[in-house]
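# Geometric and topological summary
Single-letter residue listing:
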Amino acid sequence: MSDDNRTLPYPDADAEHPTLVIPGGTDGTDAVAAPRRRRRRWPWVLLIVVVVLALLAVAAELVVRSMLPGVVRSIVIEQLDLPADQQLDVQADGILLPQLIGGRLDTLHLSTDSVTLEGITGAVDVTASGVPLRGGDVAGAEGTIRIDESQFTTLIGRTDLPIETVALDAPNATVSGSVTVLGIPIPVSLTVTPGVAEGDLELTPVGLTIGGLQVDADQVGSSLGSLGEEITKTQRVCIADQLPAGITITGLEIEGSEAVIDVDVDGAIATDSALLDKGVCPQN
């Protein structure tokens, strides 16, 4: 046979041969598709967990805020022996959950439009800091007591002033009454500026009217003798026995027709029941 018609040998079975890809399947896609890359799901799972935890924390915070006022109100009413229906607003600052875990509230506000403490009725607003939740002294507390003219009259009733009525007109108070001279009652009105000295109320005279006529206080003191001196001198009034022993007066101002008394509260009042009893005034 001629060498022009030689038969080619079969390819070696061990040799590598390229795979032919037949383009254009019946669905218009390649017969052999590249494998899909799997997406990482863990960031989404982590995000969902964080959101759920945040929602649970918010829900817990709301539950705590809804329960705390009732708990604090019950404790205060019991400790101060107040009526069961006493109106008392309670508010805590900041996020409560960490504070509850730590066992101490940063700041607690207590307020009421009307409460009677040791015979004195007024509106009270107190802010306490470092309030322990498992027993112990409060770090500190201070507040204000607002009283009207009638309550202020009761508060200063022990002075040597002829007090029948008291009119408040910022920044002063006018005390009206009468004094008896030679058996004749004479109407007297004394205008004083209230303040506080060493925990006592202090009333400093700034004006005097006798029988409807404005007079000089020095003249009254010299003409009426000891009676005039008593009326026109600065008065000191101890009211410690009209307040719980754990409360000390630190300031007093007249605002409009109300007397605003600033007070400091002993932090041990939360643990020492004696501080809830009436204070003591020195004997004259």
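The structure displayed is predicted, hence computed values, not measured ones.

## Description of the environment of Ala274
Within the fold, Ala274 resides in the segment after β12 (258–265). Taking relative accessible area as the criterion, Ala274 reaches 42% and is therefore assigned partly exposed. Taking the C-alpha atoms as reference points, Ala274 and Pro244, 30 residues apart in sequence, are found 8.7 Å from one another.

## Remarks on the nonpolar core
Counting 55 residues, the largest nonpolar core has Leu108, Ile147, Phe152, Leu201 and Ile261 as its most contacted members. Among all residues touching Leu201, those that are not within four sequence positions of it are Leu155, Ile156, Gly195, Gln235, Arg236, Val237, Ile239, Ile249 and Leu252.

## Focus: the environment of Asp89
Tracing the backbone shows Asp89 in strand β1 (residues 89–92). For Asp89, a relative accessible area of 45% puts it in the partly exposed group. If we ignore the near neighbours within four places in the chain, the residues touching Asp89 are His109, Leu110 and Ser111. A distance of 3.3 Å separates polar atoms of two side chains, one belonging to Asp89 and the other to Gln87.

## Structural notes on a nonpolar patch on the surface
Together, Ile48, Val52 and Leu56 line one region of the surface with nonpolar side chains, adding up to about 290 Å² of accessible area. Its location among the elements puts Leu56 in helix α1 (residues 42–80). Of the residues examined, Leu56 reaches a relative accessible area of 54% and is grouped as exposed.

## Focus on the state of the cysteines
Throughout the structure, instances matching the rule amount to 1 disulfide. Between Cys238 and Cys281 runs a disulfide, and the two sulfur atoms are separated by 2.1 Å. Since a negative S-S torsion denotes a left-handed disulfide, the Cys238-Cys281 link at about -90 degrees is left-handed. Taken as a pair, Cys238 in the loop between β10 (235–237) and β11 (247–255) and Cys281 in the segment after β12 lie far apart in primary sequence, 43 residues in all.

## Things to note about the pairing of strand β3 (residues 120–132)
Strand direction decides the pairing type here: strand β2 (residues 104–117) and β3, joined by 11 bridges, are antiparallel. Considered in β3, the bridge of Thr107 is made with Ser129. The antiparallel hairpin formed by β2 and β3 contains 2 residues in its connecting segment, where Glu118 sits at a positive phi of about 50 degrees. Two strands pair when backbone bridges link them, and β3 and strand β4 (residues 140–147) are joined in this way by 7 bridges, in the antiparallel orientation. Bridging from a neighbouring strand, Val124 pairs with Ile145 of β4.

## Concerning unusual backbone geometry
Here Ala170 and Pro171 are connected by a cis peptide whose omega angle stands at 5 degrees. Position of Pro171 relative to the elements: it lies in the loop between β5 (165–169) and β6 (172–181). At Glu198, a residue that is not glycine, the phi angle is positive and equals roughly 55 degrees. Here Glu198 falls in the exposed class, since its relative accessible area comes to 77%.

Analysis parameters
Residues numbered from 1 in each chain as written. Predicted model: local features only at pLDDT ≥ 70, side-chain atom pairs only at ≥ 80, totals over all residues. Heavy atoms only, no water. Helix = DSSP H or I, 4+ residues; strand = E, 2+ residues; numbered from the N terminus. Buried < 20%, exposed > 50% of the residue type's maximum accessible area, 1.4 Å probe, protein only. Core = buried A, V, L, I, M, F, W, Y, C linked by side-chain atoms within 4.5 Å. Contact = heavy atoms within 4.5 Å. Polar contact = N/O pair within 3.5 Å; in protein donor to acceptor, adjacent residues only side chain to side chain. Patch = residues over 30% accessible without salt bridge, like charges linked within 9 Å, V, L, I, M, F, W, Y side chains within 5 Å. Areas by Shrake-Rupley, 256 points an atom, 1.4 Å probe, with all protein chains shown as cover. Salt bridge = Lys/Arg side-chain N within 4 Å of Asp/Glu carboxyl O. Disulfide = S-S within 2.5 Å. Pairing = 2+ DSSP bridges.

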